[in-house]
Amino acid sequence: MPKRKDLNSILIIGSGPIVIGQACEFDYSGTQALRSLREDGIETILINSNPATIMTDPTMADHVYLKPLTTKSIREILEKHPNIDAVLPTMGGQTALNLCIEADEKGIWEDHGVEIIGVDIDAINITEDREKFRELMLKIGIPMAPQATATSFLKGKEIAQEFGFPLVIRASYTLGGAGASIVYKPEDFDELLSRGLEISPIHEVMIDKALMGWKEYELELLRDKNDNVVIICTIENMDPMGIHTGDSITVAPAMTLSDRTFQRMRDMAIKMMRSIGDFAGGCNVQFAVSPDEKEDIIAIEINPRVSRSSALASKATGYPIAKIAAKLAMGYNLNELSNQITKSTSALFEPTLDYVIVKIPRWNFDKFEGSDRTLGLQMKSVGEVMGIGRSFQEALHKATQSLEIKRNGLGADGKGYTNYDEIISKLTIPSWDRVFVIYDAIQIGIPLSRIHDITKIDMWFLKQYEQLHHLEKEISKYTVETLTKDLLLEAKQKGFADRQIAHMLDCYESEVYKKRESLNINRVYKLVDTCAAEFEAMTPYYYSTFEAEIETPEGERYVANDSAVSDKKKIVVLGSGPNRIGQGIEFDYCCVHGVLAAAECGYETIMINCNPETVSTDFDTADKLYFEPVFWEHIYDIIRHEKPEGVIVQLGGQTALKLAEKLDKYGIKIIGTSYKALDLAEDRGSFSNLLLENNIPFPQFGVAETAEEALTLSDELDFPLLVRPSYVLGGQGMKIVINKEELEEHVVDLLRKIPNNKLLLDHYLDGAIEAEADAICDGEDVYIIGIMEHIEPCGIHSGDSNATLPPFNLGEFVMQQIKDHTKKIALALNTVGLINIQFAIKDDMVYIIEANPRASRTVPFIAKAYKEPYVNYATKVMLGDKKVKDFNFNPQLEGFAIKQPVFSFNKFPNVNKNLGPEMKSTGESILFIDSLKDDEFYNLYARRKMYLSK
């Protein structure tokens with residue numbers, strides 16, 4: 001059945017600001033869905049309050065409403081667009097589903113004659129109400145763990161008495177496992193039961209008998225109106241039950257599942273999807289499997305929407321789940337849609353993988369001092385990376401190299417744990433670095449059987465680790481001169497980085513690289529093609545691997561490479577890697593716009609990134625996508641293969657910027673601001689000299705490399721002092737200290753965490769107002785795209801401040817100083833592209849806090865508020881295609897736009913929630929107000945000194 005003729009205008013609900021448990025996977029899904037609907041000529045209306053995403057770009061939907069996600073906003077939109085036929089709520093995570101249910105309960109959809117597509121309300125209610133879900137599963141013969149529902153404290157106590165411990169408490173209608181916990185001991189039960197009941201919006205919890213140590217699997221399904229179902233991907237969690245899937249290391253395809261059990265699981269998943277309702281769209285099902293020969297299967301839950309794993313499954317298989325799900329919601333059947341990658345098979349053709357993918361979450365515990373770092377049922381990670389390889393070992397290594405936590409992969413970098421008790425403790429209590437600790441455990445001789453008993457991780461995975469360890473031991477017997485070709489090739493095929501091999505051989509990384517080259521052990525690039533090369537793929541989406549040479553009958557030796565290099569002029573855009581606090585989706589927004597602008601200038605565009613959640617790693621954003629770690633060795637090989645005109649580093653946050661020095665050293669052209677200028681802005685001493693020469697004031701400061709130097713400096717500078725390490729992002733390690741004891745303690749702690757770092761000590765301007773400006777410069781002219789004033793006082797990180805555009809109480813004299821300083825600094829730094837400058841204002845004097853000649857966190861916000869494509873303009877300036885004076889700037893904003901930070905403190909109940917110079921927010925929303933008399937502004941301003949209201 002083709003597309004329904006009665007659907008002409010569709011409302012999509014977005015997921016709002018990024019929080020832990022709901023990140024930019026839904027921005028990716030929503031973007032895909034919008035594009036999919038517009039291909040069919042459907043009018044799209046979007047509501048989403050997140051300014052940092054591609055999804056809320058004016059080009060993405062016919063009408064974009066950057067409004068709070070409330071039923072009041074929904075009513076306003078429906079009144080303004082009486083022609084809306086349907087709402088698609090499955091692309092915006094739990095936020096969108098919950099809002100859809102609330103609007104349904106209030107009769108809003110019925111009042112406006114709006115149909116819900118992609119899911120039905122009954123399906124949402126059945127899957128969210130754990131009691132109803134359990135009854136339905138038992139009715140259709142799907143096994144569940146013993147469980148019961150409690151809507152009161154007393155009932156919960158009775159259930160616990162009946163089941164015995166350990167137990168699992170799960171709160172109904174929550175996201176990212178909020179309110180869920182495992183209870184091992186009766187004395188912990190009361191507090192955790194109360195918390196679960198409190199967090200659930202309907203004050204209901206489900207108490208299950210815990211299936212600790214069982215294996216966990218996820219299946220991604222799609223179904224059409226004719227009840228055709230395809231299973232897109234089977235994902236296995238390396239971590240057993242007891243750790244939220246968002247915090248688990250996951251592998252696709254499933255590695256340790258017998259075919260017989262997979263077929264049973266498949267049948268159960270399809271039966272479950274059919275039983276919850278008669279809707280066309282996507283679905284995610286989770287199962288637990290007993291770790292014995294019987295392989296009993298128990299259903300955990302089903303989500304009738306695209307999920308966090310759907311984005312991962314889309315990137316893992318190359319099958320665009322959200323795009324197809326949107327088409328199915330419009331009435332198409334799977335066999336009528338083509339596979340987007342092969343263009344020759346239908347969407348009913350299930351993907352086949354001839355490679356392995358490994359996803360590892362990225363945590364940010366250092367931002368939440370005092371947080372419980374144990375991994376459990378409540379999700380705590382802020383982002384994720386994905387590695388693609390020909391084997392599990394290669395994919396695992398590539399994923400660990402993508403994390404950007406100063407590790408070069410598993411082991412072989414001198415950073416592992418060696419203390420027996422510490423290793424056992426880290427294995428016993430699941431921690432963020434357990435993926436590395438398993439290797440350390442094998443290295444110090446702990447038997448695999450003992451590691452398995454403690455972690456319950458399947459023996460197959462542990463044996464893969466053991467093989468890596470044996471290989472490291474074998475290579476360590478050699479020197480770089482004596483290492484054989486076979487051993488070096490094996491190490492590269494198993495994912496070891498040149499740096500790790502250099503560590504084993506006790507030589508330089510460059511020596512390993514030269515050795516590799518001399519032996520013709522070079523990376524080759526393979527296509528992600530959804531069909532294991534059975535059909536030709538039309539989409540250039542690549543990962544790297546190493547292969548042995550093939551010899552032809554004529555004696556010619558070669559290695560097969562799928563990535564053909566064209567003779568067009570090319571530009572590489574370096575992505576921003578995994579999301580984390582301080583570097584989130586805003587940089588992905590910038591990278592996507594950079595790619596599109598470079599394409600408009602006639603370049604072939606090449607994207608390098610390893611974040612599966614984002615639009616930048618969509619297979620059709622750039623002309624070529626390399627899904628690879630943003631890690632020097634991988635980038636250098638791609639650049640040598642593609643020979644681009646240059647590399648854009650200023651759009652990918654600190655991740656891309658940190659690679660500028662290496663690119664410069666290897667003679668690779670950096671597009672836009674030069675490495676020298678980027679480095680000058682980071683080097684506090686040189687930057688201050690530049691400010692002095694230009695007669696621009698800045699707070700008194702000094703640089704210290706030891707605690708002794710810091711204490712001496714404090715006599716000159718006067719307390720309070722702002723202490724911070726150099727070359728970090730999101731205010732990492734920044735602190736305001738008020739006496740010598742605090743100073744010494746913080747400096748010693750910082751130098752222990754970041755050895756050999758230069759620490760900057762600034763006199764802190766107490767009570768100052770903070771402001772920031774973003775500008776585009778072409779080396780001759782400067783255009784200030786926006787000046788923002790922070791509502792909170794100076795000393796709270798700019799990412800955590802509520803900020804208004806334009807400023808609300810800076811006088812003409814102060815504004816003129818900000819404009820003059822911005823222009824002078826941009827030109828003095830030879831900026832070509834974007835620059836962000838932060839100011840402290842005290843007694844009508846404007847001081848410079850710092851300057852970053854790159855895209856900043858606020859650029860997407862300003863672009864959305866003023867309705868101008870600033871990243872597009874800046875990229876064209878970087879490429880030398882346009883000058884600042886070539887653009888017709890026409891910002892449009894009535895009243896004020898306020899950037900409001902959003903925090904995820906509910907995941908860390910015991911954490912100190914005070915704000916300071918280190919950033920803690922996970923996302924942001926945009927609020928438009930007509931005047932400063934608005935109640936929302938008044939409330940924000942009244943609370944500005946409290947540091948935190950949420």
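Owing to the predicted nature of the structure, the values given are computational and were not obtained by experimental measurement.

Definitions and cut-offs
- Residues numbered from 1 in each chain as written.
- Predicted model: local features only at pLDDT ≥ 70, side-chain atom pairs only at ≥ 80, totals over all residues.
- Heavy atoms only, no water.
- Pairing = 2+ DSSP bridges.
- Helix = DSSP H or I, 4+ residues; strand = E, 2+ residues; numbered from the N terminus.
- Axes fitted to C-alpha atoms, helices over the stretch in contact; angles between N-to-C directions.
- Disulfide = S-S within 2.5 Å.
- Core = buried A, V, L, I, M, F, W, Y, C linked by side-chain atoms within 4.5 Å.
- Buried < 20%, exposed > 50% of the residue type's maximum accessible area, 1.4 Å probe, protein only.
- Contact = heavy atoms within 4.5 Å.
- Parallel < 35°, antiparallel > 145°, perpendicular 65-115°, else oblique.
- Nonpolar A, V, L, I, M, F, W, Y, C, P; charged D, E, K, R; others polar.
- 1 Å grid on protein atoms, 1.4 Å probe; cavity = no way out; pocket = protein on both sides within 12 Å on 5 of 7 lines; lining within 4 Å.
- Points joined across faces, edges and corners; volume = space filled by probe spheres on them.
- Salt bridge = Lys/Arg side-chain N within 4 Å of Asp/Glu carboxyl O.
- Patch = residues over 30% accessible without salt bridge, like charges linked within 9 Å, V, L, I, M, F, W, Y side chains within 5 Å.
- Areas by Shrake-Rupley, 256 points an atom, 1.4 Å probe, with all protein chains shown as cover.
- Lys, Arg positive; Asp, Glu negative; His and termini not counted.
- Charge placed at Lys NZ, Arg CZ, Asp CG, Glu CD.
- Phe/Tyr/Trp six-rings, centres within 6.5 Å; stacked < 30°, edge-to-face > 60°.
- Lys NZ or Arg CZ within 6 Å of the ring centre and 35° of its normal.

Chemist: Explanation requested: the sheet that holds strand β8 (residues 181-183) in the structure shown.
Modeler: Across a sheet, paired strands are connected by hydrogen bonds in the backbone, their directions being either parallel or antiparallel. The strand order across the open sheet formed by 4 strands is β6-β9-β7-β8, and the pairing between neighbours is antiparallel. Every other strand in the sheet has two partners, leaving β6 (147-150) and β8 as the edge strands with one partner each. Averaged over all pairs of adjacent strands, the angle between strand axes in this sheet comes to 25°, irrespective of strand direction. For β6 and strand β9 (residues 205-209), the ladder comprises 4 bridges, and the chain directions are antiparallel.

Chemist: I'm lost on the state of the cysteines in this one. Help?
Modeler: Per the stated rule, a full pass over the model turns up 0 disulfides. Free cysteine: C100, not disulfide-bonded; nearest cysteine sulfur from C283 at 16 Å.

Chemist: Help me out: how do you make sense of the nonpolar core in this one?
Modeler: Nonpolar side chains tend toward joint burial in soluble globular proteins. Counting 170 residues, the largest nonpolar core has L574, V649 and Y870 as its most contacted members. Ignoring anything within four residues of it in the chain, the contact list for L574 reads C591, M607, I608, I635, V647, I648, V649, G652, A656, L659 and L663. If you look at the next biggest cluster of nonpolar residues, it comprises 54 residues, including A123, M137, L219 and M272.

Chemist: Looking at this structure, I do not really get the packing of helix α13 (residues 420-428) against helix α15 (residues 448-455). What am I missing?
Modeler: Two numbers describe a pair of packed helices, the interaxial angle and the distance between the axes. Viewed as axis vectors pointing N to C, α13 and α15 meet at an angle of 45°, and their least axial separation amounts to 8 Å. Here α15 runs oblique to α13, going by the angle between their axes. In contact with Y420, I424, L427 and T428 of α13, α15 contributes R450, I451, I454 and T455. Taken together, the residues that form the contact of α13 with α15 break down as 5 nonpolar, 2 polar and 1 charged.

Chemist: Is there a simple way to think about empty space enclosed by the protein in this case?
Modeler: A probe matching the size of a water molecule, rolled over the atoms, marks out where space remains unfilled. Scanning the entire structure with this criterion turns up 13 cavities of 30 Å³ or more. Roughly 520 Å³ of internal volume is contained in the second largest cavity. If you go around the second largest cavity, you meet 33 residues; those closest to its centre are R130, G177, H244, Q286 and E301. Elements supplying a minimum of two residues to the lining of the second largest cavity: α5 (121-128), β7 (167-171), β10 (215-223), β13 (281-289), β14 (297-303) and α10 (308-317). Ranked by residue count, the leading element in the lining of the second largest cavity is β14, at 3 residues. Split by residue class, the lining of the second largest cavity holds 10 nonpolar, 15 polar and 8 charged.

Chemist: Explain the pattern of salt bridges here, please?
Modeler: Proximity of charged atoms lets side chains of opposite charge pair with each other. One pass over the structure, following the stated rule, counts 51 salt bridges. A salt bridge links K477 to E474, with the nearest nitrogen and oxygen atoms 3.1 Å apart. A relative accessible area of 65% means that K477 is categorised as exposed. Taking the relative accessible area as the measure of exposure, E474 reaches 29% and is therefore partly exposed. Linked by salt bridges that have partners in common, R35, E39, D40, K323, K327, D618 and D620 make up one network.

Chemist: Sorry if this is basic, but what is going on with a negative patch on the surface here?
Modeler: On the surface, a cluster of negative charge is contributed by E705, E708, E709, E741, E742, E744 and E745. Contributing elements (two or more residues each) for the negative patch: α26 (707-717) and α27 (740-753). Take the negative patch: its biggest share by element is 4 residues, from α27. Within the element layout of this structure, E705 appears in the loop between β25 (701-704) and α26.

Chemist: In this structure, what is going on with the sheet that holds strand β3 (residues 63-65)? I would like to understand it.
Modeler: Read from one edge of the open sheet, 5 strands run β3-β2-β1-β4-β5, paired in parallel fashion. In this open sheet, the two strands that pair with only one neighbour each are β3 and β5 (115-116). By the bridge criterion, 2 bridges tie strand β4 (residues 86-88) to β5 in an arrangement that is parallel. Each bridged residue has a counterpart across the sheet, and for A86 the counterpart in β5 is E115.

Chemist: Any chance you could explain the packing of aromatic side chains here in plain terms?
Modeler: Any two aromatic rings considered together are summarised by their centre-to-centre distance and by the angle between their planes. In the structure shown here, the tally under the stated rule is 25 aromatic pairs. Taking 6.0 Å as the distance between ring centres and 80° as the angle between the ring planes, the aromatic pair formed by F365 and F908 counts as edge-to-face. Here the residue F365 occupies a position in the loop between β15 (356-362) and β16 (383-389), and F908 occupies one in the loop between β34 (896-902) and β35 (923-929), the gap between them amounting to 543 residues. With a relative accessible area of 3%, F908 lands in the buried category. Plain terms: the ring middles of Y873 and F887 are 4.3 Å apart, the flat faces sit at 25° to each other, and that makes the pair stacked. Taken as a pair, Y873 in helix α30 (residues 870-878) and F887 in the loop between α30 and β34 lie far apart in primary sequence, 14 residues in all. For Y873, a relative accessible area of 14% gives the class buried. Looking at F887, the relative accessible area reads 13%, which means it is buried. One aromatic cluster is present, formed by F365, F368, F903, F905 and F908 through successive ring pairs. Seen from the ring of Y28, K315 lies directly overhead, with NZ or CZ sitting 4.0 Å from the centre.

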